[in-house]
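# What the coordinates show
Here are the chains, one letter per residue:
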Amino acid sequence: GEDVEQSLFLSVREGDSSVINCTYTDSSSTYLYWYKQEPGAGLQLLTYIFSNMDMKQDQRLTVLLNKKDKHLSLRIADTQTGDSAIYFCGTSYNTDKLIFGTGTRLQVFP
Amino acid sequence: EAGVTQFPSHSVIEKGQTVTLRCDPISGHDNLYWYRRVMGKEIKFLLHFVKESKQDESGMPNNRFLAERTGGTYSTLKVQPAELEDSGVYFCASSTGTSAYNEQFFGPGTRLTVL
């Protein structure tokens, strides 16, 4: 079945860049997502990329998609303490059910 | 505009008991999804409603889980009888439609603990 994998933890210093990586198995995925979950809150969509794109930039966020390797990454520039959260990579075929990874817990230290 | 709401936020029950989770989607959203995250694992899809109809229930673990969406508004997810492995966070999400890109908006989740 479909599978999405991501590392569990990432720790970065405030002001540095963070890069969270994700691999997926379903080549028919048409949308790829990054969601953010802060403590006690639901999942908030950060950004998404359509499968025919290879890059998308939105302020401090840069998403890179390597469709050949089925690899998705999220780069957060100038990481702040408010960026500390769990980041979930997700895929879907059209806008069907989402397939998520385990989430990467990003910890930002001063 | 109110977001997706879920009730209760936490529930602690004993094995064998029944629990009912509720989700109120964003008004006007025809699509409603249930997901579950077991401790430390991935968030897994449970099922998808379009209005009051079950579009896809392929993720439902077994027949102890019953989801309803009477009238196509709020939805309930009942677990009866609950088992230890049902513990986790249950998320609900809603979206307007599936013909084009439609963001799924998530609720805060219900944390279920089965003792």
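Scroll up for the structure.
Just so we're clear, the structure is a prediction, and the values are computed from it rather than from any experiment. Along each chain, the written sequence defines residue order, and numbers are assigned to residues from 1. Each chain takes a letter, starting from A, and each ligand takes a number, starting from 1, following the order in which they are written. In keeping with the model being predicted, local features are shown solely for residues with a pLDDT of at least 70 and side-chain atom pairs are shown and tallied solely at 80 or more, while totals for entire chains, interfaces and linings include all residues. Computation of side-chain values covers all heavy atoms of the structure but excludes hydrogens and water.

Before going further, it helps to spend a moment on the overall build of chain A. Looking only at helices and strands, chain A has zero helices and eleven strands in total. What counts as a helix is a DSSP run of H or I of at least four residues, what counts as a strand is a run of E of at least two, and both are numbered from the N terminus. Along its sequence from the N terminus, chain A presents helices and strands in the succession β-β-β-β-β-β-β-β-β-β-β. The C-alpha atoms of chain A give 13 Å as radius of gyration, which agrees with the globular expectation for 110 residues (13 Å, within 12%). Counting only C-alpha atoms, chain A reaches 40 × 25 × 20 Å along its principal axes. We call two residues in contact when some of their heavy atoms are within 4.5 Å. The long-range fraction of contacts in chain A, counting pairs at least 24 apart against all pairs at least 6 apart in sequence, stands at 54%. Split by element, the accessible area of chain A, about 5,400 Å² in all, is 47% carbon and sulfur. Measuring between centres, the 10 positive side-chain charges of chain A sit 1 Å from its 13 negative side-chain charges. Between the two quantities, the radius of gyration covers C-alpha atoms and the globule rule is 2.2 Å times the number of residues to the power 0.38. Calculation of accessible area relied on Shrake-Rupley with a 1.4 Å probe; when residues are assessed, cover is drawn exclusively from the protein chains displayed. All tallies of charge rest on Lys and Arg as positive and Asp and Glu as negative; His and the ends of each chain are not included. Note on charges: their place is set at NZ of Lys, CZ of Arg, CG of Asp or CD of Glu.

Residues and elements named next belong to chain A. As for its placement among the helices and strands, H71 is situated in strand β8 (residues 71–76). C-alpha of H71 to C-alpha of E5: the two residues are 66 residues apart in sequence and 9.7 Å apart in space. Apart from residues lying up to four places away in sequence, H71 is in contact with N21, C22, T23, Y24, L64, L65 and N66. Nitrogen and oxygen atoms within 3.5 Å of one another constitute a polar contact, given that in protein one can donate a hydrogen and the other can accept it, and given that sequence-neighbouring residues count only through two side-chain atoms. Only 3.3 Å separates the side chain of H71 from the side chain of N21, close enough to count as a polar contact.

This part is about unusual backbone geometry. Here B:F7 and B:P8 are connected by a cis peptide whose omega angle stands at -5°. A cis amide bond, omega -10°, links B:Q80 with the succeeding residue B:P81. As for its placement among the helices and strands, B:P81 is situated in the loop between β8 (75–79) and β9 (88–95). The backbone of A:Q59 shows a phi angle near 55°, a positive value even though the residue is not glycine. Topologically, A:Q59 is positioned in the loop between β6 (55–58) and β7 (61–66). Although it is not a glycine, B:K51 sits at a positive phi angle of roughly 55°.

Moving on, we come to the pattern of salt bridges. Throughout this description, the term salt bridge denotes a Lys or Arg side-chain nitrogen within 4 Å of a carboxyl oxygen of Asp or Glu. Going through the model one piece at a time under the given rule, you end up with ten salt bridges over all chains. A:E38 serves as the salt-bridge partner of A:K36, at 3.9 Å between the closest nitrogen and oxygen. The partly exposed category is assigned to A:E38, whose relative accessible area is 33%. Between B:D24 and B:R22 there is a salt bridge; the shortest N-O distance is 2.7 Å. By relative accessible area, which is 24% here, B:D24 ends up partly exposed. Residues participating in the shared-partner salt-bridge network are B:R36, B:R64, B:E85 and B:D86. Exposed residues in this analysis have more than 50% of their type's maximum accessible area, buried residues have under 20%, and partly exposed residues fall in between, with area computed by a 1.4 Å probe over protein chains only.

Moving on, we come to the sheet that holds β8(B). In any sheet, the strands associate via hydrogen bonds between backbone groups, in a parallel or an antiparallel arrangement. All names here are of chain B. One bridge is not enough; two strands pair if DSSP finds at least two bridges between them. The sheet built from four strands is open, its strands ordered β1-β3-β8-β7 with antiparallel pairing. Looking at which strands have only one partner, the edges of the open sheet turn out to be β1 (5–7) and β7 (65–68). Averaged over neighbouring strand pairs, the angle between their axes works out to 15° when direction is ignored. Where β7 meets β8, four bridges bridge the pair, whose relative direction is antiparallel. Counted as the bridge partner of A67 is L77 from β8. Think of each axis as a best-fit line through the C-alpha atoms, taken over the contacting stretch in the case of a helix, with angles from 0 to 180 degrees between the N-to-C directions.

Bringing the nonpolar core into the picture now. Across soluble globular proteins, nonpolar side chains have a tendency to be buried as a group. Residues belong to one nonpolar core when they are buried, are Ala, Val, Leu, Ile, Met, Phe, Trp, Tyr or Cys, and are joined through side-chain atoms within 4.5 Å. B:W34, B:L46, B:L47, B:M60, B:L77 and B:Y90 are the most contacted members of the largest nonpolar core, which has 21 residues in total. With near-sequence residues (within four places) excluded, B:M60 lies in contact with B:L46, B:L47, B:F65, B:L66, B:A67 and B:L77. Formed by 20 residues, the second largest nonpolar core is a distinct cluster that contains A:V4, A:Y87, A:C89 and A:V108.

Another point: the state of the cysteines. All names here are of chain A. Only a pair of cysteine sulfur atoms within 2.5 Å qualifies as a disulfide here. According to the stated counting rule, one finds two disulfides over all chains in the structure shown. With its sulfur 1.9 Å from that of its partner, C22 forms a disulfide with C89. Judged by the sign of its S-S torsion, about -65°, the bond between C22 and C89 is left-handed. Of this pair, C22 sits in strand β3 (residues 18–24) while C89 sits in strand β9 (residues 85–92), and the two are 67 residues apart along the sequence. C22 sits in the buried class, given a relative accessible area of 1%. Judged by relative accessible area, C89 falls into the buried class, the value being 0%.

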